[in-house]
Amino acid sequence: MWLLIPILLYSVIFLSVRHIYSHWRRKGFPSERAGITWSFLRQAYRREFRHVEAICEAYQTGRDRLLGIYCFFRPVLIVRNVELAQTILQQSNGHFNELKWDYVQGYRRFNLLEKLAPMFSTKRLTEMFGLIQKVGDHLIHHLMDKEREQGGVLEVDLQNVLRLYSINIIGNLIYGLDVNNFEQKDHVFTSFLTQGKSSIQSFTLGRLPQKSSFTYRLRDLIKQSVELREDHGLIRKDILQLLVRFRNGNEVSGDKWQLENNNDQEKFLSIKRLAKVAEDLLNVSLDAVASTTTLTLFEILQEPLIVEKLQVEIKDLSNENGQLKFEELEGLKYMDMCLKETVRKYPPLPIIERVCRKSYSLPNTKFTIDEGKTLMVPLLAIHRDEKYFSEPMKYKPLRFLHSMPTENESGECQKKSKNNPFMGFGIGGAQCVGKCRAKNFFWEIYFNNVYFFTLIGQNFAKLVIKVALIKLLQKFQLELDPNLADTMEVFHQPAPIIRTKDGLKVKLKRREIKPKFYR
């Protein structure tokens, strides 16, 4: 009698697992051969399983436009065709989870993504440009001080330096603090950088809520900054100032920075909600900006000709009193191509993931995806597919020479080709809100399978990255460790990060360049 109980228990578990792992076969979808191996279980237990690489491998083994796979005990549908992926994500009409920051207060519902989009308009960024340059100057002064200490050529881990630069940008513009983490080693942001993240690269296991002491410490920073602006009238031209304006019912578009209404009775955003928005921006923008800047330098330093072209391009920039002009950065077309090529080869978002909210008949197919099932577009695999990009592992910025954005006679943005395989800045409903007005794409960044997608507009992210690249290339001659390219590995967590013993080891030697202003 007692022997029947474990037999029945094992039978139920076996049948349940078999039922899950036969889902796509029962629905008629092309699917991989299902099964859990001891090798997989060992990697998962040791936290060595690489989720992004596994999805890319499944993409490469498939032959059809759709492929059903299994992430642990979750059926996932991979879309292997660019046109089909764009059609689904752009025209699914609410069948998949909406990429919005919805906020409900009373009887009103706000889509924060649309409301806050004007924060990243060209006009607003022009006025924030001074703060961005200030952080860039902190970066250069830090490296020059280190160079003087070493008495000549400086050798640093540029990846760590650029992560500090990125956290300084976030602290100054998103949290509204006059902070320099190159000098303030005990600041909360420095601790945030050194805490590390879980090595599990799985969106599936990332559904568990994550809170740490940093959440409350960062909330206190927001509370203090908001009080200074609301109660004492402090005005600072940064992102937090615009968030405070929105909190008090003011428009974030236009050219005003001061608070026009300060109603203590009714706020559009509570301190807790505003702090959550800021923390989401911190989590996703830190890795995206830092990794794109780092990997751009890693690639161009292997190609002296690319570095020379960039130095020629930035040589003609005005540099009055060491300050750049915002409008001139738009003319750096070759640098734009380099950034696009970096995002193609190392997308900050390697996988676009959506959960079906109600059954959806996939366009131009005979298949229907059920409610609750997950759909993935493997961005990294598509960007490295020879079918779409010749020599995908080779860094070739000029492949984007004829695909730079243009405007028509009325000043409106031209739509990109429907079959364009480059989706580095995201696709779908949240890709572009007010695109033609603000000329903004949006980086959809996902963190641990919760949609912590950010309002980091393409203009803002590119501006921050360009300032770092320009100042580094103007002030230093950079030399990459010759052995690094052979030993370096790039991991996706989910944003790409270099994993070597010494990080991105680069030698810096000060150089002199005569800008246009001094001629």
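Refer to the structure presented above.
Here the structure is a predicted model, which is why all the values come from computation and not from measurement. Here the residue numbers are simple positions, counted from 1 along each chain's written sequence. Per-residue local features of the predicted model are confined to residues with pLDDT of at least 70, and side-chain atom pairs are confined, for both listing and counting, to 80 or more; whole-chain, interface and lining totals are unaffected and use all residues. Excluded from the side-chain calculations are hydrogens and water; all other atoms, namely the structure's heavy atoms, are used.

## Remarks on the pairing of strand β10 (residues 476-480)
Under the convention used in this document: Think of it in three bands: residues with accessible area under 20% of the maximum for their type are buried, residues over 50% are exposed, and the middle band is partly exposed, with areas taken using a 1.4 Å probe on protein chains only. Comment: elements are numbered from the N terminus, with helices defined as DSSP H or I runs of at least four residues and strands as E runs of at least two. In this scheme, strands are said to pair when DSSP sees at least two bridges between them.
Residues Phe476, Leu478 and Leu480 point to one face of β10 and are all buried, whereas Gln477 and Glu479, pointing to the other face, are not buried. Here five bridges tie β10 to strand β13 (residues 505-510), and the two strands are oriented antiparallel to one another. Pairing of Phe476 across the sheet is with Arg510, part of β13.

## Here we look at unusual backbone geometry
The phi dihedral of Asn364 falls on the positive side, at around 60°, and the residue is not glycine. Following the sequence through the fold, Asn364 ends up in the loop between β7 (360-361) and β8 (368-369). Classification of Asn364 as exposed rests on a relative accessible area of 69%.

## Details of empty space enclosed by the protein
Any space left empty among the atoms is revealed by the rolling of a water-sized probe across them. Here is the rule: In this analysis, the protein atoms alone were mapped onto a 1 Å grid. Cavities are point sets where a 1.4 Å probe fits without being able to get out; pockets are open sets with protein on both sides within 12 Å along at least five of seven lines; lining residues have an atom within 4 Å of a point. Grid points are joined across faces, edges and corners, and a volume is the space filled by probe spheres set on the points. Three classes are used: nonpolar for Ala, Val, Leu, Ile, Met, Phe, Trp, Tyr, Cys and Pro, charged for Asp, Glu, Lys and Arg, and polar for all others, with Gly counted as polar.
A complete count under the given rule lists three cavities of 30 Å³ or more for this structure. In this structure, the largest cavity encloses a volume near 100 Å³. Every residue along the wall of the largest cavity is listed here: Thr122, Leu125, Phe326, Leu329, Glu330, Asn459, Lys462, Leu463 and Lys466. Every element with two or more residues in the lining of the largest cavity is listed here: α7 (122-150), α14 (326-329) and α18 (458-475). For the lining of the largest cavity, the element with the highest residue contribution is α18, accounting for four residues. Of the residues belonging to the lining of the largest cavity, the class tally is four nonpolar, two polar and three charged.

## Regarding the pairing of strand β12 (residues 496-499)
Here β12 shows one buried face, formed by Pro496 and Ile498, and one open face, formed by Ile497 and Arg499. Bridge count for strand β11 (residues 489-492) against β12 is four bridges, and the pairing is antiparallel. Note that in β12 the partner of Val490 across the bridge is Ile498.

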